[in-house]
There are 2 protein chains.
Amino acid sequence: MNNVNFTVAEAGPFKDLISTSQDPVPGKLYLKSKLGLTGMEVSLNQLPTGGSVPFYHSHRENEELYLFVSGRGEFQVDGRILEIKEGTCIRVAPEGVRTHRNTGSEAMVFVCIQVKAESIQHWVESDAVVPDEPVMWEA
Amino acid sequence: MNNVNFTVAEAGPFKDLISTSQDPVPGKLYLKSKLGLTGMEVSLNQLPTGGSVPFYHSHRENEELYLFVSGRGEFQVDGRILEIKEGTCIRVAPEGVRTHRNTGSEAMVFVCIQVKAESIQHWVESDAVVPDEPVMWEA
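Residues numbered from 1 in each chain as written. Chains lettered and ligands numbered in written order. Predicted model: local features only at pLDDT ≥ 70, side-chain atom pairs only at ≥ 80, totals over all residues.

A. Main features of the overall build of chain A. Across its full length, chain A carries three helices and 11 strands. With respect to the principal axes defined by its C-alpha atoms, chain A has extents near 50 × 35 × 25 Å. Within the span of chain A, comprising 139 residues, buried residues form 45% of the whole. Pairs at least 24 apart in sequence give 65% of the contacts found in chain A among residues at least 6 apart. (Helix = DSSP H or I, 4+ residues; strand = E, 2+ residues; numbered from the N terminus. Buried ≥ 20, exposed ≤ 12 C-beta atoms within 10 Å, placed from the backbone. Contact = placed C-beta atoms within 7 Å.)

Written as structure tokens, this is what we have:
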């Protein structure tokens, strides 16, 4: 469903991502192309038990944020190892050399957000506009 | 735990956000200040049964993405109403006049991401750098 001011995609239940999405690997769903995002790339991810990202990577100019929704594991940045669990939020600067793995007994679900570092200019307080009209849900 | 190239925050279980975070309202946790984000504002949110955002809002220049993790509800943009469930992803352009509500029988959990529209310049393919070294987890 598309409109000038919004786009919608249905990823389905996160626990099924491994079987429902292979973009480009099983369990990964990129949202930029599905939604026409213009300022961020976002992926939804399910990493199976025993799974790991099999390489390190850093970025040229993009900041990343990893949000862990379920599962247990370890995250590595520049050789430092961090524990991952539900609610763990990790920002990585472009230069950070990162990877992570699932060390738990169930599939891990996480969201990864990528944006240009230093790009936002207005935060919530100065960017939001609240019109002076009551919310209407019924005709 | 902070380092030059990463920062970490623990939000805890999403089902407890209403009691663990009031930033600035119960159930909302903004991550920019906790993580030192430089290109995005991200909030983790739990909206209780029967809850709603009590106002419309749009943005001056920021694109928003709403990721719904659990619960059921309705999202409204420019008077159009969309169904919300687990896995629903909604991009809203700055000009879209938006609000949403929980119409289900349990608390709704969602992530809201805000970035400057049109700000990203390199996507995954051209921004990632993969060093030629194997991943090491053990000393």
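B. Representation of the sheet that holds strand β9 (residues 98-102) of chain B within the structure. Residue and element names in this part refer to chain B. On the basis of which strands lie adjacent, the open sheet formed by three strands has the order β7-β6-β9 and antiparallel pairing. Every interior strand has two partners, whereas the edge strands, β7 (80-84) and β9, have only one. Here the strands of the sheet are splayed against their neighbours by 20° on average, with no regard to which way each runs. Summarising the sheet, strand β6 (residues 73-77) and β9 pair through five bridges and their orientation is antiparallel. Within β9, the position partnered with Gly73 by the bridge is Asn102. (Pairing = 2+ DSSP bridges. Axes fitted to C-alpha atoms, helices over the stretch in contact; angles between N-to-C directions.)

C. Expanded view of the relation of the copies chain B and chain A. The transform that puts chain B on chain A rotates by 180° and translates by 0.0 Å along the axis, for an RMSD of 0.0 Å. Read as a symmetry element, the transformation amounts to a two-fold axis. When C-alpha positions in chain B are compared against the rotation axis, the closest is assigned to Ser119(B), at 3.2 Å. An overlap of 100% is found between the interface residues of chain B and their copies at the interface of chain A, pointing to a shared contact surface. (Least-squares fit on C-alpha atoms with pLDDT ≥ 70 in both.)

D. Focus on the nonpolar core. Met40(A) and Met40(B) are the most contacted members of the largest nonpolar core, which totals 66 residues. For Met40(B), the residues in contact, after removing those within four places along its chain, are Met40(A), Leu65(A), Ile113(A), Val115(A), Ile120(A), Ile113(B), Gln114(B) and Val115(B). (Core = buried A, V, L, I, M, F, W, Y, C linked by C-beta atoms within 7 Å.)

E. Geometry of the pairing of strand β10 (residues 108-116) of chain A. All names here are of chain A. When you tally the buried positions in β10, you get eight out of nine residues, the bulk of the element. Across seven bridges, strand β3 (residues 41-47) lies against β10 in antiparallel orientation. Looking across to β10, one finds that Asn45 is bridged to Phe110. Here strand β5 (residues 62-70) pairs with β10 via eight bridges, running antiparallel. The residue of β10 that forms the bridge with Leu65 is Ile113.

F. Region of interest: the interface of chain B and chain A. Between chain B and chain A, the residue contacts involve 72 residues of the former and 72 residues of the latter. Across the side of chain B that touches chain A, the residue classes break down as 37 nonpolar, 19 polar and 16 charged. Across two bridges, strand β11 (residues 128-129) of chain A lies against strand β4 (residues 58-59) of chain B in antiparallel orientation. Within the sheet, the bridge partner assigned to Val129(A) lies in β4(B) and is Ser58(B). (Nonpolar A, V, L, I, M, F, W, Y, C, P; charged D, E, K, R; others polar.)

G. Structural view of the environment of His122(A). Along the chain, the position of His122(A) falls in the loop between β10 and α3 (124-127). Measuring from C-alpha to C-alpha, the distance between His122(A) and Ser52(A) comes to 36 Å, with 70 residues separating the pair along the chain. Once you skip the residues sitting within four places of it in the chain, His122(A) turns out to touch Asp127(A), Arg60(B), Glu61(B) and Asn62(B).

H. Layout of the pairing of strand β3 (residues 41-47) of chain B. All names here are of chain B. Taken across its seven residues, β3 has six buried, putting it largely inside the fold. Looking at chain direction, strand β2 (residues 28-30) and β3 are connected through three bridges and run antiparallel. Among the inter-strand pairings, Leu29 is bridged to a residue of β3, identified as Leu44.

I. Quick peek at the sheet that holds β3(A). Strand order in the open sheet made by the six strands is β2(A)-β3(A)-β10(A)-β5(A)-β8(A)-β1(B), with antiparallel pairing throughout. Of all the strands in the sheet, just β2 (28-30) of chain A together with β1 (6-10) of chain B have a single pairing partner and so form its edges. Averaged over neighbouring strand pairs, the angle between their axes works out to 15° when direction is ignored.

J. The arrangement of the confidence of the model for chain A in detail. Scored by pLDDT, chain A comes out at a mean of 94, with 97% of its residues at no less than 70. The ipTM for the predicted assembly is 0.94, set against a pTM of 0.95. (pLDDT = per-residue confidence, 0-100.)

K. Fine view of the environment of Arg60(B). Within the secondary structure, Arg60(B) is located in the loop between β4 and β5 (62-70). Along the sequence, Arg60(B) and Thr99(B) sit 39 residues apart, while their C-alpha atoms lie 16 Å from each other. In this structure, Arg60(B) is in contact with His122(A), Asp127(A), Val129(A) and Pro94(B), ignoring residues within four places of it in sequence.

L. How the structure looks around unusual backbone geometry. All names here are of chain A. With an omega dihedral of 0°, the bond running from Asp23 to Pro24 counts as a cis peptide bond. In this structure, Pro24 sits in the loop between α1 (17-20) and β2. Despite not being glycine, Asp78 shows a phi value in the positive range, around 50°. Here Asp78 is to be found in the loop between β6 (73-77) and β7 (80-84). Take Asp78: there are 16 C-beta atoms within 10 Å of it, and that puts it in the partly exposed class.

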